[in-house]
Amino acid sequence: MLVTHVENTCDLCLTPYCIKAANYLVESIDETVDPCEDFYEFACGKWIKNAIISSESNEQSSLSQLAKHLGHTLADLLSSSSSNRIKESKAITNARRLYSSCIDEDTIEMEGIDVIMSMINKELGGWPVLQGSAWNESTFDFDRLMLKLSQYNNYIFYTVNTGVDETNSSIRSIHIRPSNLAIHNFIHYSKGIKAIQAYQYFFENFTLALTNDSSAIDDDLIDLLEFEMELFKYFMSQDQSDFRETVRTTLGNLSHTINVTFDSSNYIRRLYLFANVSVIDADIVIVSAPKLLHGISSIIGRQSPRTMQNYMIWRFMMNRAWHMPKRFRNIIQQFTHVFDGTSTEESRTITCANYVNIVMSLSVSKLYIEEYFHKDARKETTEMINNIRNIFITMVNRSTWMDSKSKIIAIEKTRAITAKLGYPDYLESDDMTKLDKDYAEYNFNLSYMLNVLSAIQLHSKASLQMLRYPIDHKEWTDISPTRVNAIHRLLRNEILFPAAILQAPLFDKDAPKYLNYGGIGFLMGHEIAHGFGDEGKEYDLNGNKVSWWTKATVNAFDKRKKCIIEQYDDYTLTQVNRSVNGEQTLDENIADDAALRQAFFAYQQWAKTHKNVDKKLPGLTKYSTEQMFFLNFGHIWCTKMTDESVHSDLVLDKHSPAQFRIRGPTSNFVEFDRVFGCKAGQGNSRVKKCNVW
């Protein structure tokens, strides 16, 4: 391994942040491992050995630690009294009120199940499994129940929402598609008998806790499972192309476009009317997977009213269980243990802070950036984004497989990407008018369950009301400033990096640039690259779904992506002895591969014009600044997970497991080989490098 020895302390960075960074890296690296053989073990070996997964968590990682720290921070902010600057905000007052009702477990226990059961019996037609033979199936009305559940943002079979129009990203349209049944609701069927049994126990124990009459539980459960298994087998038998099919129609023609047993046009009209939006025959409707919509409807049509009522209320209750008294939370905890390995519930303060962060994210974000976000971070990260963007343009120009016509359009699209960093600008202002307007209907009281039911209705209304709102390119959607994540929105050609992810070890305003580029710089490159992957290549610089690559470029891309698929298919996660799915993780792997190259070359470029600015870290002086770049990149993906969570991620996650997010891109990168003195053919250096960009 190539190292550079530095003895002079003048070359050391001894700031508080550098000492902190040196400590976390020294405690992470396992120097008994050759980085050329297994860079993941080299960068993370000591960290993995010492990491302990707490009983309420399914993993320990740099990102999960960031999220946990954020939870504590938000709990403190929501429980403290208002500062003078933000005291008058009604939105923040209601966020605190919602949090208070959530942590008030005495009132939750005292209130019990009265609110939720009253709502089920009065609004949803009751739950047959609890009523035994007393339930009257002649009262069943599928259309009415589906509409009512949709108003509570519970789309059991079909999801309807307002979205950006794919063919004209300057307007919104109505979207209808199958709900995420096969992916999330049916995961227990893909995990084997133990998971199916846990699901059965969940239903039995949950319903037993709600009734003294258990006579109907066993028979109703059998019917419910048979129905669900039929749906699961149907989904699994469908060709992937059926999931991707999209049909564009109007509301007036919808019933001629999709073959379902309910009145789809009338359902959508009534749903939007709930949000005080009148829809007309000419309104555009985008139908995703129409064949599946028909298939689901056919299976539903063969069921008894009792089975359908039981199933739809069960799905609604599953989503409410975490908000119910402790005995119900214990029941769902036993079930989720099979999927994530957690054995205890998260602390109530963090659970409640995270919940309020979902329901009133911008109110919470206002509190957070006021106290914890350095405004200078936006300036520095903007500079980083621009440097990395320029590197990607260079990579496009130098690509040998892309023809000149496609290159010109790709470069235009890259330049047009909007980068949103930290938070929407208006949150910086002392003027609370917009915040209070956005949350004007959010009025919470002491009853937590009433607050929960109110919040989900408001969320449903807000989505539907967007249909008549003009597109605002300044708005933050799909992710809030207080989320530890980053996204690329293809329909807007924009990338968003929330304030909560612009934190150590990914970024710090006082960190040497090799740490920042190896951390947040990688994520910036990843999100940029998403605009040019298997899915991103379908969207132009305005976010419209247009095939802008030439046929020759598409064919050349397909050959390169095949290499990536085969590379990741060959990876086996020894912890559970399961292979990675290279097809499922393709887009993320392409983005990871491009991201490492972008971030590294951007750092190299910066270092050329800032000679001797970046100093070494104490205890790590033998590593060059370029090696330190890779070490921090490795560290941000150090991860230890429960076996159950690993299994679930392999089924559900489009990202590769953490160790292959390190090993895949580094083994494809000749600059990694140069920096660490690796030879092609060693464990962490592929002979056949797979690169798209």
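Quantities reported herein were computed from a predicted structural model and do not represent experimental measurements.

A. Expanded view of helix α27 (residues 551-569). Across its 19 residues, α27 extends 27 Å between first and last C-alpha, which sits within 8% of the 27 Å expected from 1.5 Å per residue. Restricting attention to buried positions, one finds in α27 the residues Thr-553, Ala-556, Phe-557, Lys-561, Cys-563, Ile-564, Ile-565, Gln-567 and Tyr-568. On its buried side, α27 packs onto α22 (404-416), α28 (586-609) and α31 (658-667).

B. Main features of the sheet that holds strand β6 (residues 418-422). Taken in spatial order, the 3 strands line up as β6-β8-β7 in an open sheet, and their pairing is mixed. Pairing within the sheet leaves two strands with one partner each, and these edge strands are β6 and β7 (487-489). For this sheet the average axis-to-axis angle between neighbouring strands, irrespective of direction, equals 20°. Bridge count for β6 against strand β8 (residues 494-498) is 5 bridges, and the pairing is parallel. By the bridge assignment, Gly-422 is partnered in β8 with Pro-498. Lying over the sheet, helix α26 (residues 520-529) contacts β6, β7 and β8, oriented at roughly 155° with respect to β8.

C. Up close: the pairing of β8. Buried residues dominate β8, accounting for 5 of its 5 residues. Alignment of β7 against β8, held across 3 bridges, turns out to be antiparallel. Each bridged residue has a counterpart across the sheet, and for Arg-489 the counterpart in β8 is Glu-494. Connecting β7 to the antiparallel partner β8 that follows it, the hairpin turn spans 4 residues, and Asn-493 within it adopts a positive phi of roughly 50°.

D. How the structure looks around a negative patch on the surface. Where like charges cluster on the molecular surface, the negative patch consists of Asp-218, Asp-219, Asp-223 and Glu-226. With respect to the secondary-structure elements, Asp-219 resides in helix α12 (residues 217-237).

E. Highlighting the layout of surface pockets. Here the second largest pocket is characterised by a volume of approximately 800 Å³. As for the second largest pocket, its lining consists of 30 residues, and the residues nearest its centre are Lys-20, Leu-66, Gln-503, Ala-504 and Pro-505. Residue assignment for the lining of the second largest pocket shows that the elements contributing at least two residues are α1 (16-26), α2 (39-50), α3 (62-79) and α20 (361-372). Here the lining of the second largest pocket gets 6 residues from one element, more than from any other, and that element is α3. Across the lining of the second largest pocket, the residue classes break down as 16 nonpolar, 9 polar and 5 charged.

F. Seen up close, the environment of Ile-296. Tracing the backbone shows Ile-296 in helix α16 (residues 290-301). Counting along the chain gives 35 residues from Ile-296 to Thr-261, while the straight-line C-alpha distance between them is 9.7 Å.

G. Structural view of the pattern of salt bridges. Tallying each qualifying case throughout the model produces 34 salt bridges. Salt-bridge contacts for Glu-494 lead to Lys-420; the nearest nitrogen and oxygen are separated by 3.0 Å. Of the two residues, Glu-494 sits in strand β8 while Lys-420 sits in strand β6, which places them 74 residues apart along the sequence. Each of the two residues, Glu-494 as well as Lys-420, counts as buried. With a shortest N-O distance of 2.9 Å, Asp-592 and Arg-661 are connected by a salt bridge. Residue Asp-592 is found in helix α28, and its partner Arg-661 is found in helix α31; the two are separated by 69 residues along the sequence.

Conventions adopted
- Residues numbered from 1 in each chain as written.
- Predicted model: local features only at pLDDT ≥ 70, side-chain atom pairs only at ≥ 80, totals over all residues.
- Heavy atoms only, no water.
- Helix = DSSP H or I, 4+ residues; strand = E, 2+ residues; numbered from the N terminus.
- Expected span 1.5 Å × (residues − 1).
- Buried < 20%, exposed > 50% of the residue type's maximum accessible area, 1.4 Å probe, protein only.
- Contact = heavy atoms within 4.5 Å.
- Pairing = 2+ DSSP bridges.
- Axes fitted to C-alpha atoms, helices over the stretch in contact; angles between N-to-C directions.
- Patch = residues over 30% accessible without salt bridge, like charges linked within 9 Å, V, L, I, M, F, W, Y side chains within 5 Å.
- Areas by Shrake-Rupley, 256 points an atom, 1.4 Å probe, with all protein chains shown as cover.
- Salt bridge = Lys/Arg side-chain N within 4 Å of Asp/Glu carboxyl O.
- Lys, Arg positive; Asp, Glu negative; His and termini not counted.
- Charge placed at Lys NZ, Arg CZ, Asp CG, Glu CD.
- 1 Å grid on protein atoms, 1.4 Å probe; cavity = no way out; pocket = protein on both sides within 12 Å on 5 of 7 lines; lining within 4 Å.
- Points joined across faces, edges and corners; volume = space filled by probe spheres on them.
- Nonpolar A, V, L, I, M, F, W, Y, C, P; charged D, E, K, R; others polar.

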